[in-house]
Amino acid sequence: MPRSKKFRRARLIVIVLVVLLVAGAGYGGYRGVAAVRASFPEVDGSVKVAGLSAPVDVKRDANGIPQLYADTPEDLFRAQGYVQAQDRFWEMDVRRHITAGRLSEMFGDSQVETDSFIRTMGWRDVAQKEIDSQLSPETRKNLQAYADGVNAWLGEHPGGASASLEYSLLGVVNGDYKPEQWAPVDSVSWLKAMAWNLSGNLQEEIDRSLLAQDFSPEKIAELYPEYPYARNGTIVKTGTVSGDAYRPADGTAQSGPTTGTAQGAAATKAMFKDVTDRIDAMPQLLGRQGQGIGSNSWVVAGSHTTTGKPLLANDPHLGPGLPSVWYQMGLHCRTASPACQYDVSGFTFAGMPGVVIGHNKDIAWGFTNLGADVTDLFLEKVTGPETYLVDGKEVKFTLRKETIKVAGGEDRTITVRTTQTGAPLISDQSTEQQNVGKYAPNGASAPDRSTSGYGVALQWTALEPGKTMDAVFALDRAKGWDDFRAAAKDFAVPAQNLIYADAENIGYQAPGNIPVRGKGDGGYPAPGWDSSYQWKGAVPFTALPYSRNPAAGYIVTANQAVVDPSYKYLLTKDWEYGTRAKEITDQIEAKLRNNGKISPDDMQEMQLDNTSILAKTLVPMLLKVQIDDPYVREAQDLLKDWNFHQDADSAAAAYYNGVWRQLLSLSFGQKFPADLRAEDNCLLVRRQTDPTKPDSRTQIVTECGTRDPGKAQPDGGDRWTEVVRQQLAKPDSSWWTYIDSDHHEQKGLDNLLAEAMKNARQDLTALLSKDVSTWSWGRLHTLTLREQTLGSDDSSIASGVVRRLLNRGPYRLSGGSGAVDAAGWNAAAGYQVDWIPSMRMVVDLSDFDASRWVNVGGASGHAFHDNYNDQTDLWLKGKLLTWAYSPDAVEKSAKHKLVLTTG
């Protein structure tokens, strides 16, 4: 029986008091301390782990980072499962419930819609198919060994406070919950969460469709401009594809426009608003989905470095939170042999065996999001509960039932309908009744909506079984370029830019399962009733771009275009726009000029570059605007001697970004439909008095947005810097028409810039103070590391008080969305940081022990543990930890030694 609210409230008060005692007592002698510390891992001495064939050594440094030494792969991955469970099992448990669509079993009916959406996509089912039919016997053996290690730990900590403080909190609302045994599919399913958050332009498809209700295709195109190939370049010089074999280019890449179709552009607001709401409800453990999330990586050949060997840097940009997204560790065979080939160290995910990013004794590698368009929305003409239309004929959906168990409530059963191409109908309601496709796109060629309307189906490469888990283990074992490319061949999703270095070579490979479309270019939802728009297979791996030892002596990947439009296949039309890539490239070139060399310190320093590139263009224009009001001119004067660096203590950076936000709001936000703007963002807009009558008069009204703030537009990211850059060359552009604070319509760029400066002065005065000398960017641009797994809404298991005790921050940050030091923020929602360099690393191929790394949080997932967020302060200051790798260096740095013995 569900416990009474009175009892749950009383128990929550007790837990809050315990947490308060721990937080305030410095781990003193209070009884509550023992309750919180009960789940902390054993890190010294020895423990028995069932199934080991021989002892495994676990050596942890002062930051709690484990290095494991075993005699066999089975023992190594069994130990990895045990150790990760020690540090992060609560996080692992929540993650597997997310990917399985089973959060309701833990947290109750508030999670039913989230579960039904994920069940509709079937992440766990696809992961199980990969295990059953795709993955190698060796990979399956490693996955099972990892699961056995997790379960060995779970057998000692079956639930409650002995497993994690969070289980005590969960007991407030779900006292009957006990964790299940870990299974290999729980590990593989997490790859689907990675792929979802890095899956390309799904949100852009929806946004373009919503914009189509108010704007012509030509105006929408101005909001999604062509990539600036000539200015920002591509990752590789575009080669040729002959017989599906890619041949790297020796000459200069050519540029030119891409073309596509806007089929389905007039899809109605209500249909895609519903789909957007479902996507927004998805847990975002890696940050917001799709475009806007970036990363940096670059590698420099030994001929250009002070060490004489290559240097490789990587800092993936993901959503902030606690526990940290990444988990650092090393996996070492005591004696290298064909039977035990692992000697790898780097970053991985809790719940997943192997190492995802890092180096072994021969090679190093890094990832950034390639941004390939691997998702398409299809409008489906639904003709009945079980049928839909293709080429004028009714065909049947594949149907399956999914039962969602709900803690403290009744089970819910949903019906999932899937097209013959394997695309689930994501517009279906997440209840027993299906309420699909009430609204239809306009256009004479579209079939009649009749009573059932259109559905929206999602075609996504991650819903096809693949071999990415094979690729992870193959990268960990790779001994050179050929092994690296062989591993990349199996890296299906998410499609990533892979950079490479060994002692003598550098390289790049674009991997991934990337679709070949029939008609259309993926920019808008496609008409599912026309089979000519269906996918026609995937781009062959042999045709995907790569580069080895380019003449430039370096390779930069920062989400810019991989190739120019002369490339045979369409990878995407929605590249990030290359601002960070160009800045990194310029810095490398500046170092190399006059025969200079790049040092490891240079690599680290480049990661901290917080320059606003657009400010170099925009600030001179702002300073030319005549401002008569001395109150506003005082703020304008801050920009006169600004060096364009977005330092946390910079008043000029604060004001510039305030102006940037207001510029976007006046020029674009005022014109956008409410369902693209943040739900708490209320603006003056011009609207028709009767939207159903095109010739009705317009009036100026205050209208509030309806979108989740994290997804709102214009967000001010890399695309918006390019949009504004191009529009600045058009002083009379219609985008510069705006409504001023007196409810009057004004026109012209100079007028809008003056209004933006006035509004920014007022905004920062309200947020900071009237005295501009006290302003600083960091006071606005703050990062809070939030404990994510307990939830953040009113229906979550933890009160606001408890969540605040588990959170860390706010911290004042430098950087910005378009800077190399990419502390991203959404200009449509506020100044708070919502994505960050989630880790940083610099690998030195001349001496792996001289390499450096840092995590944004820490190794431990246990709140109040010394290693919960002990690396955060270093990360904030741009510092990196020494990365011990060799046995001698690991032994020297070890502060704790645990032996896992045979059970």
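For the structure, check the block above.
About the thresholds
- Sequence positions are assigned chain by chain, starting from 1 and proceeding in written order.
- Residue-level local features of this predicted model are given only where pLDDT is at least 70; pairs of side-chain atoms are given and counted only at 80 or more, and the full residue set underlies all totals for whole chains, interfaces and linings.
- In computing side-chain properties, one takes all heavy atoms of the structure into account and sets aside hydrogens as well as water.
- Relative accessibility under 20% of the residue-type maximum defines a buried residue, over 50% an exposed one, and the middle range a partly exposed one, all with a 1.4 Å probe and only protein chains included.
- In this description a helix means any DSSP run of H or I spanning at least four residues, a strand means any run of E spanning at least two, and both kinds are numbered starting from the N terminus.
- Two strands pair if DSSP finds at least two bridges between them.
- Whether two aromatic rings pair depends on their centres lying within 6.5 Å, for rings of Phe, Tyr and Trp, where Trp uses its six-membered ring; planes under 30 degrees apart make the pair stacked, over 60 edge-to-face, and the rest tilted.
- We call a charge positioned over a ring when the NZ of a Lys or the CZ of an Arg lies within 6 Å of the ring centre and within 35 degrees of the ring normal.
- The contact criterion used is simple: two residues touch if any of their non-hydrogen atoms lie within 4.5 Å.
- To obtain each axis, a line is fitted to C-alpha atoms, and for helices this fit is confined to the stretch in contact; angles are then taken between N-to-C directions over 0 to 180 degrees.
- Take a side-chain nitrogen of Lys or Arg and a carboxyl oxygen of Asp or Glu: if they are within 4 Å of each other, that pair is a salt bridge.

Examining the pairing of strand S34 (residues 852-855)
Line of reasoning, step 1. Here S34 shows no split at all, with Arg852 and Val854 on one side and Trp853 and Asn855 on the other all buried.
Line of reasoning, step 2. Relative to S34, strand S33 (residues 839-844) runs antiparallel, the two sharing four bridges. Residue valine 842 lies in a different strand from S34, and its bridge partner there is arginine 852.
Line of reasoning, step 3. Bridge analysis of S34 against strand S35 (residues 881-882) gives two bridges, and the strand direction is antiparallel. Bridge pairing in S35 links arginine 852 to threonine 882.

Points about the packing of aromatic side chains
Line of reasoning, step 1. Tallied over the entire structure, the rule returns 41 aromatic pairs.
Line of reasoning, step 2. Centroid distance phenylalanine 89 to tryptophan 182: 6.5 Å. Interplanar angle 65°. Geometry classified as edge-to-face. Of this pair, phenylalanine 89 sits in helix H3 (residues 73-100) while tryptophan 182 sits in the loop between helix H8 (165-170) and helix H9 (184-197), placing them 93 residues apart in sequence.
Line of reasoning, step 3. Exposure remark for phenylalanine 89: the relative accessible area of 2% places this residue in the buried category.
Line of reasoning, step 4. Relative accessible area serves as the criterion here: at 4%, tryptophan 182 is assigned to the buried category.
Line of reasoning, step 5. An aromatic cluster is present here, built from Tyr246, Trp481, Phe484, Tyr500, Tyr546, Tyr567 and Tyr569 joined pairwise through their rings.
Line of reasoning, step 6. Its guanidinium or amino end placed over the ring of tyrosine 524, arginine 208 lies 5.8 Å from that ring's centre, counting from NZ or CZ.
Line of reasoning, step 7. Positioned over the ring face of tyrosine 831 is arginine 661, at 5.3 Å from the centre of the ring.

Thoughts on helix H21 (residues 718-728)
Line of reasoning, step 1. Of all 11 residues in H21, nine are buried; the element is thus mostly enclosed.
Line of reasoning, step 2. For H21, the set of buried residues is Asp718, Arg719, Trp720, Thr721, Glu722, Val723, Val724, Gln727 and Leu728.
Line of reasoning, step 3. At its buried positions, H21 is contacted by helix H11 (217-223), helix H12 (229-232), helix H16 (579-592), helix H18 (613-624), helix H20 (651-667) and helix H22 (749-767).

Description of the sheet that holds strand S11 (residues 363-369)
Line of reasoning, step 1. Pairing is mixed across the open sheet formed by 11 strands, whose spatial order is S1-S36-S2-S3-S8-S9-S10-S11-S18-S19-S23. Only two strands of the sheet have a single neighbouring strand rather than two, namely strand S1 (45-49) and strand S23 (546-548). The mean angle between the axes of side-by-side strands here comes to 20°, regardless of whether they run parallel or antiparallel.
Line of reasoning, step 2. Pairing of strand S18 (residues 496-502) with strand S19 (residues 506-509), which is carried by four bridges, proceeds in the antiparallel orientation. If you follow alanine 501 over to S19, its bridge partner there is isoleucine 506.
Line of reasoning, step 3. Across the sheet, H3 is in contact with S1, strand S2 (56-60), strand S3 (66-70), strand S8 (327-333), strand S9 (343-348) and strand S36 (896-902); its angle to S8 comes to roughly 160°.

A closer look at the pattern of salt bridges
Line of reasoning, step 1. A complete count under the given rule lists 44 salt bridges for this structure.
Line of reasoning, step 2. The partner of lysine 405 in a salt bridge is aspartate 411, and the shortest N-O contact between them spans 3.8 Å.
Line of reasoning, step 3. The partner of aspartate 873 in a salt bridge is lysine 877, with the nearest N and O atoms 3.1 Å apart.

Details of unusual backbone geometry
Of all residues except glycine, most have a negative phi; of all peptide bonds, most are trans.
Line of reasoning, step 1. Residue proline 494 is reached from valine 493 by a cis peptide bond, and omega for that bond is -10°.
Line of reasoning, step 2. Positionally, proline 494 belongs in the loop between helix H15 (481-489) and S18.
Line of reasoning, step 3. Unlike most non-glycine residues, asparagine 559 shows phi in positive territory, near 70°.
Line of reasoning, step 4. With phi around 65°, histidine 743 is a residue other than glycine that occupies positive phi space.
Line of reasoning, step 5. The residue histidine 743 is located in the loop between strand S27 (738-739) and strand S28 (745-746) in this model.
Line of reasoning, step 6. Its relative accessible area of 43% is what places histidine 743 among the partly exposed residues.

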